[in-house]
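Residue-level listing of the chains:
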Amino acid sequence: MTKQIQAVRGMNDCLPTDSGLWQWVENQIRQVVAGYGYQELRTPVVESTDLFKRSIGEVTDIVEKEMYTFADRNGDSLTLRPENTASCVRAGNEHGLIYNQQQRIWYMGPMFRHERPQKGRYRQFHQFGIETFGIEGPDIDAEVIMLSARLWKQFGISEHVTLELNSLGSNAARAHYRELLTAYLRDRKDQLDEDSIRRLETNPLRVLDSKNPDVQAVILDAPKLIDHLDAESKQHFEGLCSKLDQLGVAYRINPSLVRGLDYYNRTVFEWVTDSLGTQGTVCAGGRYDGLVEQLGGKPSPAVGFAMGIERLVLMLQTLDLTSAVPDTVNVYVTSLGESAELYAMKLSEELRDSLPALRVQTHCGGGNLKKQMKRADKSGAPIVLVLGENEINEQVVVIKFLREDKPQVSIVRHELIAFIENYFN
Ligand code: ATP
Ligand code: MG
């Protein structure tokens with residue numbers, strides 16, 4: 001037998017059994033962003049490799065070891081986008097959306113990172129994110145966080161996520177802190193792992209991000225960036241905290257939250273959960289005031305976040321919060337005999353004309369009533385219409401209830417639409 005070709009490792013099919021949940025999640029997201037007046041920006045999944053090197057930073061996990069980079073047929077180095085902030089800034093600069101303007105942008109789509117696949121970590125995964133441009137004050141940081149908080153509320157998971165917050169200050173403050181931290185870590189080099197020792201010289205702030213408990217113990221007493229902020233950043237951070245307090249958003253200040261990408265300054269935040277095991281961050285973001293200029297545009301303040309949709313979906317499944325996801329089918333239409341078959345198709349069309357939101361599945365492929373009822377059951381439909389020669393002659397429709405203990409009823413043909421409409425209301 002010919003060997004079957006499998007999907008690429010770490011890249012998943014979204015099966016018909018799951019796509020309903022995904023669509024529902026995506027629709028809720030669309031509704032929330034619309035409620036804040038954000039507009040969608042769709043960019044290509046492939047960009048010039050330099051875009052990510054210049055924005056994310058050379059000494060980051062993503063650029064060092066996670067990117068899908070290849071030479072196209074002209075020899076240009078291209079990369080499957082590992083995240084979308086750089087692409088949004090690139091597109092914003094290219095189309096003049098940013099300079100001297102305010103923008104509130106959202107996106108959703110696949111991202112690609114060559115990581116070790118495990119629960120909540122894949123090589124093709126999906127992010128929903130927002131990016132705002134042109135607004136300097138902490139009011140927009142607060143809005144960005146409120147928008148994410150509203151999503152948790154919408155999905156009913158507010159109690160299962162917590163907000164962690166930190167400030168990275170200005171570049172200058174960070175450079176100064178970097179020296180303090182490097183000195184502190186150098187003195188304790190013997191307690192660091194190999195990865196952290198390497199980072200110590202290239203990107204010492206990333207040591208704070210280490211998941212190794214031994215390294216974390218060393219970090220506990222390290223100097224804290226939040227104690228070395230420049231005056232403006234400190235004020236910005238206090239402004240944000242006070243807004244969140246007044247808006248009733250709880251947060252925890254986490255001084256070792258630094259984020260894995262180089263472009264952040266001032267506000268950084270993560271929404272974390274303990275319902276997913278080790279892959280506990282569902283949403284992460286912050287301010288990146290220098291990136292627009294770094295990518296060749298006129299300077300513009302910016303803040304945003306990215307949310308991992310797989311992790312969100314996993315949470316909803318783990319917490320059993322998927323009951324609001326619409327069933328696949330509302331009504332299954334069966335028919336017995338050749339003339340009834342055509343009658344059933346016409347009747348189904350009529351239902352779709354009158355009730356456009358109704359999900360109607362018409363039985364195809366013949367067979368006896370038992371076989372058709374089996375298919376009806378599998379479709380998930382709560383009601384089945386039964387149409388035989390008798391029913392057609394008498395202008396009635398028999399309705400069976402599949403999910404309730406209720407006897408079948410016979411409805412006069414012209415009352416059918418009202419009956420169905422009423423049933424699903
Ligand atoms: P982690 O620390 O889990 O590797 P990260 O800091 O690399 O996350 P970001 O680049 O900030 O993640 O991406 C934002 C969000 O996208 C993450 O919080 C997570 O929910 C999701 N995400 C990131 N990488 C993956 C992946 N490989 N598979 C699934 N989701 C991911
Ligand atoms: Mg990562």
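Residues numbered from 1 in each chain as written. Chains lettered and ligands numbered in written order. Predicted model: local features only at pLDDT ≥ 70, side-chain atom pairs only at ≥ 80, totals over all residues. Heavy atoms only, no water.

K.L.:
What exactly am I supposed to notice about the packing of aromatic side chains here?
P.N.:
Aromatic rings considered in pairs are described by the distance between their centres and by the relative angle of their planes. Across all of its chains, the model carries eleven aromatic pairs by this definition. Measuring from ring centre to ring centre gives 6.2 Å for Phe133 and Tyr288, while their planes differ by 85°; the resulting arrangement is edge-to-face. Here Tyr288 lies in the loop between strand 10 (281-287) and helix 10 (291-294) and Phe133 lies in strand 6 (residues 124-133), a separation of 155 residues in the sequence. Residue Phe133 shares its accessibility class with Tyr288, and that shared class is buried. Ring geometry for Phe401 and Tyr423: centres 5.9 Å apart, planes at 35°, overall tilted. (Phe/Tyr/Trp six-rings, centres within 6.5 Å; stacked < 30°, edge-to-face > 60°. Helix = DSSP H or I, 4+ residues; strand = E, 2+ residues; numbered from the N terminus. Buried < 20%, exposed > 50% of the residue type's maximum accessible area, 1.4 Å probe, protein only.)

K.L.:
Even after reading the chapter, I still don't get the domain arrangement of the chain, so can you show me in this structure?
P.N.:
Many structure descriptions define interface size as the accessible area lost when the parts assemble. Annotation of the chain at the domain level lists domain 1 (16-169 + 229-318) and domain 2 (331-424). Each of domain 1 and domain 2 has a C-alpha centre, and the two are 47 Å apart. (Domains from an automatic or database assignment.)

K.L.:
Mind showing me how you'd approach the packing of helix 2 (residues 49-56) against helix 4 (residues 85-94) here?
P.N.:
What describes two packed helices is the angle between their axes and the distance between those same axes. Remark: helix 2 packs on helix 4, axes separated minimally by 9 Å, with the N-to-C direction vectors making an angle of 110°. If you check the angle between helix 2 and helix 4, you find them roughly perpendicular. Across the interface between the two elements, Leu51, Phe52 and Ser55 of helix 2 pack against Ala86, Ser87 and Arg90 of helix 4. Within the contact of helix 2 with helix 4, the residues separate by chemical class into three nonpolar, two polar and one charged. (Axes fitted to C-alpha atoms, helices over the stretch in contact; angles between N-to-C directions. Parallel < 35°, antiparallel > 145°, perpendicular 65-115°, else oblique. Contact = heavy atoms within 4.5 Å. Nonpolar A, V, L, I, M, F, W, Y, C, P; charged D, E, K, R; others polar.)

K.L.:
Explanation requested: the pattern of salt bridges in the structure shown.
P.N.:
Where side chains of opposite charge bring their charged atoms close, a pairing between them can arise. Taken as a whole, this structure holds 22 salt bridges when the rule is applied. The shortest N-O distance in the salt bridge between Arg252 and Glu164 comes to 2.8 Å. Highlighted residues: Arg252 in strand 8 (residues 252-253) and Glu164 in strand 7 (residues 162-167), separated in sequence by 88 residues. For Arg413, the salt bridge is made with Glu350, and the minimal N-O distance between the two is 2.7 Å. Of this pair, Arg413 sits in the loop between strand 16 (409-412) and helix 15 (416-423) while Glu350 sits in helix 12 (residues 338-354); the two residues are 63 residues apart in sequence, bridging distant segments of the chain. Look at Glu350 and you get partly exposed, because its relative accessible area is 33%. One network of salt bridges, with partners in common, ties together Asp61, Glu64, Lys65, Asp195, Arg198, Arg199, Arg206 and Asp209. (Salt bridge = Lys/Arg side-chain N within 4 Å of Asp/Glu carboxyl O.)

K.L.:
Is there a simple way to explain the sheet that holds strand 1 (residues 39-40) in this structure?
P.N.:
Sheet strands pair via backbone hydrogen bonds, and the direction of the pair is either parallel or antiparallel. With respect to topology, eight strands assemble into an open sheet ordered 1-5-6-11-10-9-7-8, the strand pairing being mixed. Pairing within the sheet leaves two strands with one partner each, and these edge strands are strand 1 and strand 8. Strand direction decides the pairing type here: strand 1 and strand 5 (residues 103-112), joined by two bridges, are parallel. Bridge pairing in strand 5 places Gln39 opposite Ile105. Strands in contact with helix 5 (residues 138-155) are strand 5, strand 6, strand 7, strand 9 (265-272), strand 10 and strand 11 (302-308); relative to strand 11, the strand with the most contacts, it is inclined by about 20°. Of the strands in this sheet, strand 7, strand 8, strand 9 and strand 10 touch helix 9 (residues 231-247), which is tilted by about 160° from strand 7. (Pairing = 2+ DSSP bridges.)

K.L.:
What is the right way to read the pairing of strand 10 from this model?
P.N.:
Here is the key point about a regular strand: its side chains alternate between the two faces of the sheet. In terms of burial, strand 10 is a largely internal element, six of the seven residues being buried. Looking at chain direction, strand 9 and strand 10 are connected through six bridges and run antiparallel. Across the sheet, the residue bridging to Glu270 is Ala284, located in strand 10. Two strands pair when backbone bridges link them, and strand 10 and strand 11 are joined in this way by five bridges, in the antiparallel orientation. Across the sheet, residue Cys283 finds its bridge partner in strand 11, namely Met307.

K.L.:
What should I look at first to understand the nonpolar core in this one?
P.N.:
In a soluble, globular protein the nonpolar side chains are often hidden away together inside. Ranked by internal contacts, the top residues of the largest apolar core, which has 93 residues, are Val25, Phe128 and Trp271. It is helix 5 that contributes the most residues to this core, nine residues altogether. If near-sequence neighbours (up to four positions away) are discounted, Trp271 is found in contact with Ile145, Ser148, Ala149, Trp152, Val161, Thr162, Leu163, Val249, Gly280, Thr281, Val282 and Cys283. Counting 20 residues, the second-largest nonpolar core is a separate cluster that includes Val331, Leu351, Ile399 and Phe401. (Core = buried A, V, L, I, M, F, W, Y, C linked by side-chain atoms within 4.5 Å.)

K.L.:
Even after reading the chapter, I still don't get the site of ligand 1, so can you show me in this structure?
P.N.:
Taken together, 16 residues are adjacent to ligand 1, and Arg113, Glu115, Arg121, Tyr122 and Arg259 come closest. In the environment of ligand 1, an oxygen atom lies 3.3 Å from a nitrogen or oxygen atom belonging to the backbone of Gly308. Within the complex, the protein chains bury 89% of what would otherwise be the 590 Å² of accessible surface of ligand 1. Listing elements by their share of the shell around ligand 1, those giving two or more residues are strand 6, strand 10 and strand 11. Per-element accounting of the shell around ligand 1 gives the leading share, four residues, to strand 10. (Near = heavy atom within 4 Å. Polar contact = N/O pair within 3.5 Å; in protein donor to acceptor, adjacent residues only side chain to side chain. Areas by Shrake-Rupley, 256 points an atom, 1.4 Å probe, with all protein chains shown as cover.)

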